[in-house]
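# Overview (structure and organization)
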Amino acid sequence: MRLDQPAWGSGLATVHESQLLDVWYPHLGLGNPETGHPPLKTAEPALPGLRVEPIETIIDSLAQPPASTADAYLRLHLLSHRLIQPHQANLDGVFGLLANVAWTSAGPCPPERVDELRLIERAAGRHLAVYGVDKFPRMTDYVVPSGVRIADADRVRLGAHLASGTTVMQKGFVNFNAGTLGTSMVEGSISSGVVVGEGSDIGAGASIMGTLSGGGQIVISVGERSLVGANAGIGIALGNDCVVEAGCYVTSGSKVTLVETGEIVKASALSGVDNVLFLRNSVTGALEARPRSGTGITLNAALHAND
């Protein structure tokens, strides 16, 4: 549910001509703005024509769509700082507000000026690294939340929500407005809009369908103590204590045989149901759902003691 409350941020914006490329908010919060923060120091960017300037942003209500690029960046910061959870801020229209930026070791740069910046950096004896060309930067360049491990920072976007105890392995990926609500293992892909509950594991190569590319409106989630096995995938919500067998992909329209009754249903009928095992019958190839008893998987505590 979206929060109908204000938010504020005080930070530094990188501007190219009249276009805002990014904003970093070291001071931010919900409610009315706090005062008394020390002034933020600015430095001249390496690329002529770019400037860094202080910025103050106030959002009247997070339930309303973002009104500007600075507004959008503040919402992404609030998510990654864990001040709000996925879906608590309206992000409608966010792509149209964010510039496509070359994210480099010398800071954000307009893509068409990368070669110019590269020459400047080479002349100064520095190598320019280009981390990506995208609308969303890496989360860790703006926010490093406590209690998490991220093996490859390129694979977690600003606006991801990682709860303390989360481990994102080298091939794990977490998009904006998505993430974990508790201790979790992320070895696969968490698409935009997807939330993963306490004690769950997204296996290596696994994927969870989001709502961006296909235009779908159903929000997919994974409950607590559930496992999406290696190279598996889901297009339905998993309840608590569920398992999807390795290599098994379950979309909402998949025909599933209920082993207990022999009935065949669409997988969407099992969306959000607790204690279900999804697997392929190794003889017939049919997709089956079997009831599971007790609690689900148990994560290795030593792998998630990240503080």
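A short tour of the structure in this document, coming up. The shown structure was predicted, so the numbers you read here are calculated from the model rather than taken from an experiment. (Residues numbered from 1 in each chain as written. Predicted model: local features only at pLDDT ≥ 70, side-chain atom pairs only at ≥ 80, totals over all residues. Heavy atoms only, no water.)

## What about the environment of Gln5?
As a reminder, the rule being used: Numbering goes from the N terminus for both helices and strands, where a helix is a DSSP run of H or I of at least four residues and a strand is a run of E of at least two. The buried label goes to any residue with under 20% of its type's maximum accessible area, the exposed label to any with over 50%, and the partly exposed label to all in between, with areas taken from a 1.4 Å probe on protein chains only. The contact criterion used is simple: two residues touch if any of their non-hydrogen atoms lie within 4.5 Å.
By secondary structure assignment, the location of Gln5 is in the segment before β1 (7-16). Looking at Gln5, the relative accessible area reads 27%, which means it is partly exposed. Along the sequence, Gln5 and Gly31 sit 26 residues apart, while their C-alpha atoms lie 6.6 Å from each other. Setting aside anything within four residues of it in sequence, one finds Gln5 in contact with Leu30, Gly31, Asp60, Ser61 and Leu62.

## Focus: the sheet that holds strand β2 (residues 19-30)
Convention followed: Here the rule is simple: two strands pair whenever DSSP picks up at least two bridges between them. Axes here refer to lines fitted to C-alpha atoms; in helices the fit is confined to the stretch in contact. Angles between the N-to-C directions go from 0 to 180 degrees.
Spatially, 3 strands are ordered β2-β1-β3 in an open sheet, and the strand pairing comes out antiparallel. The open sheet terminates on both sides in strands that have one partner only, identified here as β2 and β3 (50-59). Strand-to-strand, the axes of this sheet are offset by a mean angle of 25°, without reference to chain direction. In the sheet, β1 pairs with β2 via 9 bridges, with the strands oriented antiparallel. Its bridge partner being in β2, Ala13 is matched across the sheet by Val23. Along the sheet, helix α1 (residues 69-80) makes contact with β1, β2 and β3, crossing β2 at roughly 45°.

## Section: the packing of aromatic side chains
Each aromatic ring pair is described using two quantities: the centre-to-centre distance and the angle formed by the ring planes. Put simply, the test is: Pairing of aromatic side chains here covers Phe, Tyr and the six-membered ring of Trp, requires ring centres within 6.5 Å, and sorts the geometry by plane angle: under 30 degrees stacked, over 60 edge-to-face, intermediate tilted. By definition, being over a ring means that NZ of Lys or CZ of Arg is both within 6 Å of the ring centre and within 35 degrees of the ring normal.
Across all of its chains, the model carries 4 aromatic pairs by this definition. Seen in terms of ring centroids, Phe95 and Phe136 are 5.5 Å apart; in terms of plane orientation they differ by 70°. Their pairing is edge-to-face. In this pair, Phe95 is assigned in helix α2 (residues 94-97) and Phe136 in the loop between β6 (130-134) and β7 (149-150), connecting sequence segments 41 residues apart. Exposure remark for Phe95: the relative accessible area of 34% places this residue in the partly exposed category. Between Phe136 and Phe176, the aromatic rings sit 4.3 Å apart at their centres with planes inclined by 15°, giving stacked as the arrangement. Of the two residues, Phe136 is situated in the loop between β6 and β7 and Phe176 in the loop between β10 (173-174) and β11 (178-180); the sequence distance between them amounts to 40 residues. Just as Phe136 is buried, Phe176 falls in that class too. Linked through ring pairs, Phe95, Phe136 and Phe176 together constitute an aromatic cluster. Against the face of Tyr131 rests Arg138, its NZ or CZ located 4.0 Å from the ring centre.

That's the geometry; what it means functionally is another story.
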